[in-house]
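Now for the letters of each chain:
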Amino acid sequence: MRPENAHQAMLLRLLREGGRSRAELGDVVDLSRSKLNVELDRLIELGLAEPDGLAESRGGRRSGRVRLSRQTRFAGIDIGATSVDVAVTDGELGVLGHLSEPCDIREGPAAVLDRAVTLLGKLREQGLYTQLHGAGIGVPGPVSFPEGVPVVPPIMPGWDRYPVREAVSEELGCPAMVDNDVNIMALGELHAGLARQVGDFLLVKIGTGVGCGIVVDGKIYRGVSGSAGDIGHIRVDDDGPICACGNSGCLEAYFGGAALARQATAVARSGGSPYLAERLAAAGELTAEDVAAAAAQGDAAAIQIVRDGGRRVGQVLASLVSFFNPGLVIIAGGVARLGHVLLAEIRSVVYRRSLPLATGNLPIVLSELGDAAGIVGATRLISDHVYSAA
Ligand SMILES: [Zn+2]
């Protein structure tokens with residue numbers, strides 16, 4: 001069920017922020033009072049919205065409150081390299097239930113999507129929904145947004161051009177949309193995180209790889225083919241290490257899960273950090289989490305690794321800030337758990353290298369939503385579609 005016209009769509013998006021009175025809606029939309037009431041009554045008839053009692057009097061007659069239908073349900077599916085998260089929300093994107101499982105993306109689309117659908121089935125059995133109104137999906141790789149398919153995703157063997165959107169839509173019996181994980185995290189921040197009041201911002205995700213969600217005027221900017229924000233392969237040093245993409249000196253080759261693991265292993269083997277050497281001996285390998293743990297213990301070598309990485313990210317970010325002039329930069333993803341040492345380094349480089357006019361009013365912050373950003377953003381993605389005129 002979709003709204004019949006652009007006015008109805010706009011009203012639904014306003015109600016997604018919370019129910020309110022007809023008088024309050026009249027204050028923020030550019031519609032005559034009678035036209036507004038006609039559209040609201042029609043939304044109630046369609047089952048998209050419902051009456052919600054009377055508002056406090058503002059002097060005259062008490063105005064009727066309206067809210068989204070209590071029956072509305074959206075599903076968010078956030079597929080990571082090593083995990084799958086699903087959630088069911090109400091129309092206002094409040095999370096009613098959330099399940100997460102380890103899952104290897106390399107098992108391929110049929111197996112991984114089947115896991116997601118099975119998890120959602122558990123939430124249905126718990127009584128959280130009978131019918132979904134839409135499902136949003138995030139995947140850890142480049143996506144052709146108009147077609148709803150991943151395109152040559154480096155860490156997703158078997159997913160190239162797999163019809164993710166069609167497959168999920170058919171399986172769940174509702175509209176579906178798919179986008180890359182960084183974009184859905186940015187939408188999550190826009191809906192429920194630190195970016196709620198910010199129309200233009202960047203979300204930099206530092207995980208296994210490095211990517212950037214670009215939000216312009218409250219909307220994701222995807223570029224012509226969907227690859228906008230793929231900053232992991234911006235070159236920071238001509239003579240740098242070889243990257244997984246085949247070029248040398250990419251940002252990702254310096255910083256990201258794989259690069260941190262490699263640097264930590266080198267430091268441990270050369271005797272630069274007894275702490276990392278001990279963890280390497282115990283586990284047989286090191287990960288970004290080990291670097292985070294070592295840095296938290298005050299390990300000088302680990303802190304240096306984090307600082308070096310933060311400086312490279314800061315270099316790239318300083319150029320992006322000069323180019324884009326965002327109102328906010330959010331740092332997110334697994335490596336963001338390196339926390340304040342990382343943040344301090346990124347901030348100092350960006351503030352030093354960008355022009356004062358661009359940074360004078362520019363907060364650079366760590367995400368507070370964490371893992372919830374992806375699933376909330378996925379439901380925001382599909383609700384934007386469902387709450388647009390058919
Ligand atoms: Zn590269």
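This text goes with the structure placed above it.
To keep things clear, this report deals only with the structure shown in the data block. Source: prediction; values computed, not measured.

1. A closer look at the overall build of the protein
Argument step 1. On a plain count of helices and strands, the protein comes out with 14 helices and 15 strands.
Argument step 2. For a compact globule of 390 residues, the expected C-alpha radius of gyration is about 21 Å, and the protein comes in at 23 Å, within 12% of that figure.
Argument step 3. Expressed along its principal axes, the backbone C-alpha trace of the protein runs to roughly 75 × 50 × 40 Å.
Argument step 4. For the protein, buried positions account for 52% of its 390 residues.
Argument step 5. Across the protein, the fraction of contacts at a sequence separation of at least 24, relative to all contacts at a separation of at least 6, is 59%.
Argument step 6. With the model as given, the accessible surface of the protein reaches about 17500 Å², and the carbon-plus-sulfur share is 51%.

2. Re the packing of aromatic side chains
Argument step 1. Summed over all chains, the structure comprises one aromatic pair.
Argument step 2. Taking 5.8 Å as the distance between ring centres and 80° as the angle between the ring planes, the aromatic pair formed by F74 and Y387 counts as edge-to-face. Remark: Y387 occurs in the segment after helix 14 (372-386) and F74 occurs in strand 4 (residues 74-79); sequence separation between them is 313 residues. Here the two residues F74 and Y387 agree in accessibility, since each one is buried.
Argument step 3. One residue, R222, lies across the ring of F145, its end atom 3.5 Å from the ring centre.
Argument step 4. Positioned over the ring face of Y254 is R312, at 4.1 Å from the centre of the ring.

3. Regarding the coordination of the zinc ion
Six octahedral donors at a metal ideally form angles of 90 or 180 degrees, and four tetrahedral donors ideally form angles of 109.5 degrees.
Argument step 1. Around the zinc ion, the protein supplies H233 (ND1), C243 (SG), C245 (SG) and C250 (SG) as donor atoms, at distances of 2.0 to 2.3 Å.
Argument step 2. Around the zinc ion, the four donor atoms are arranged such that angles at the metal cover 106 to 119°; this shape is classified as tetrahedral.
Argument step 3. Mapping the donors of the zinc ion onto the primary sequence gives the spacing H-x9-C-x1-C-x4-C.

4. A few points about the environment of V316
Argument step 1. Tracing the chain through its elements places V316 in helix 11 (residues 300-324).
Argument step 2. With relative accessibility at 6%, the residue V316 sits in the buried group.
Argument step 3. Expressed as a C-alpha distance, the spacing of V316 and R235, which sit 81 residues apart in the sequence, is 8.8 Å.
Argument step 4. Apart from residues lying up to four places away in sequence, V316 is in contact with I231, I234, V236 and L251.

5. Describing the side chain of E252
Argument step 1. Inspection of the secondary structure assignment puts E252 in helix 7 (residues 251-254).
Argument step 2. The buried charged residue E252 lacks any salt bridge, with R262 as its nearest oppositely charged partner at 9.8 Å.
Argument step 3. If sequence neighbours within four positions are ignored, E252 has contacts with G209, V210, G232, H233 and A259.

6. Re the pattern of salt bridges
Argument step 1. Enumeration according to the criterion identifies 22 salt bridges in this entry.
Argument step 2. Between R196 and E17 there is a salt bridge, with the nearest N and O atoms lying 3.5 Å from each other. Of this pair, R196 sits in the loop between helix 6 (181-192) and strand 11 (201-206) while E17 sits in the loop between helix 1 (6-16) and strand 1 (20-21), and the two are 179 residues apart along the sequence.
Argument step 3. Residue R196 is classed as partly exposed on the basis of its relative accessible area, which comes to 45%.
Argument step 4. Of the residues examined, E17 reaches a relative accessible area of 39% and is grouped as partly exposed.
Argument step 5. The shortest N-O distance in the salt bridge between R106 and D104 comes to 2.9 Å.
Argument step 6. What makes R106 exposed here is its relative accessible area of 59%.
Argument step 7. Here the residues in one salt-bridge network are R16, E17, R196, R380 and D384, joined through shared partners.

7. Observations regarding the sheet that holds strand 2 (residues 49-54)
Argument step 1. Pairing in this open sheet of three strands is antiparallel, and the strands run 1-3-2 from one edge to the other. Bordering the open sheet on either side are strand 1 and strand 2, each of which pairs with just one other strand.
Argument step 2. Bridge analysis of strand 2 against strand 3 (residues 64-68) gives four bridges, and the strand direction is antiparallel. In the strand pairing of strand 3, L54 is matched with G64.

8. Some remarks on the layout of surface pockets
Argument step 1. In this structure, the second largest pocket occupies an estimated 510 Å³ of space.
Argument step 2. Lining the second largest pocket are 20 residues, and of these R13, R16, G218, R380 and D384 lie nearest its centre.
Argument step 3. Those elements that provide at least two residues to the lining of the second largest pocket are helix 1, helix 6, strand 13 (219-220) and helix 14.
Argument step 4. The element best represented in the lining of the second largest pocket is helix 14, accounting for four residues.
Argument step 5. Residues belonging to the lining of the second largest pocket are distributed by class as follows: seven nonpolar, four polar and nine charged.

9. Some details on the packing of helix 1 against helix 3 (residues 33-45)
Argument step 1. The geometry of helix 1 relative to helix 3 is characterised by a closest axis approach of 10 Å and an angle of 75° between their N-to-C directions. The orientation of helix 1 with respect to helix 3, classified from their angle, is roughly perpendicular. When helix 1 is examined against helix 3, the residues H7, Q8, L11 and L12 are found in contact with a partner set consisting of K35, L36, E39, L40, R42 and L43.
Argument step 2. Looking at side-chain class alone, the contact of helix 1 with helix 3 contains five nonpolar, two polar and three charged residues.

10. What about the nonpolar core?
For soluble globular proteins, nonpolar side chains are generally found buried alongside one another.
Argument step 1. Counting residues in hydrophobic clusters, the biggest one holds 44 residues, and the most contacted among them are V204, I206, F255, L317 and I331.
Argument step 2. Among the elements that line this core, the one with the most residues is helix 11, at 10 residues.
Argument step 3. Setting aside its immediate chain neighbours within four residues, L317 contacts L202, V204, V329, I331, I346 and V350.
Argument step 4. Core analysis: the next-biggest nonpolar cluster, separate from the first, contains 38 residues, L40, A186, F201 and Y387 among them.

Rules used throughout
Residues numbered from 1 in each chain as written. Predicted model: local features only at pLDDT ≥ 70, side-chain atom pairs only at ≥ 80, totals over all residues. Heavy atoms only, no water. Helix = DSSP H or I, 4+ residues; strand = E, 2+ residues; numbered from the N terminus. Rg over C-alpha atoms; globule rule 2.2 N^0.38 Å. Buried < 20%, exposed > 50% of the residue type's maximum accessible area, 1.4 Å probe, protein only. Contact = heavy atoms within 4.5 Å. Areas by Shrake-Rupley, 256 points an atom, 1.4 Å probe, with all protein chains shown as cover. Phe/Tyr/Trp six-rings, centres within 6.5 Å; stacked < 30°, edge-to-face > 60°. Lys NZ or Arg CZ within 6 Å of the ring centre and 35° of its normal. Donors = N, O, S within 2.8 Å, 3.2 Å for Na, K, Ca; no water. Tetrahedral: all angles 85-135°; square planar, octahedral: opposite > 155°, others 65-115°. Lys, Arg positive; Asp, Glu negative; His and termini not counted. Salt bridge = Lys/Arg side-chain N within 4 Å of Asp/Glu carboxyl O. Pairing = 2+ DSSP bridges. 1 Å grid on protein atoms, 1.4 Å probe; cavity = no way out; pocket = protein on both sides within 12 Å on 5 of 7 lines; lining within 4 Å. Points joined across faces, edges and corners; volume = space filled by probe spheres on them. Nonpolar A, V, L, I, M, F, W, Y, C, P; charged D, E, K, R; others polar. Axes fitted to C-alpha atoms, helices over the stretch in contact; angles between N-to-C directions. Parallel < 35°, antiparallel > 145°, perpendicular 65-115°, else oblique. Core = buried A, V, L, I, M, F, W, Y, C linked by side-chain atoms within 4.5 Å.

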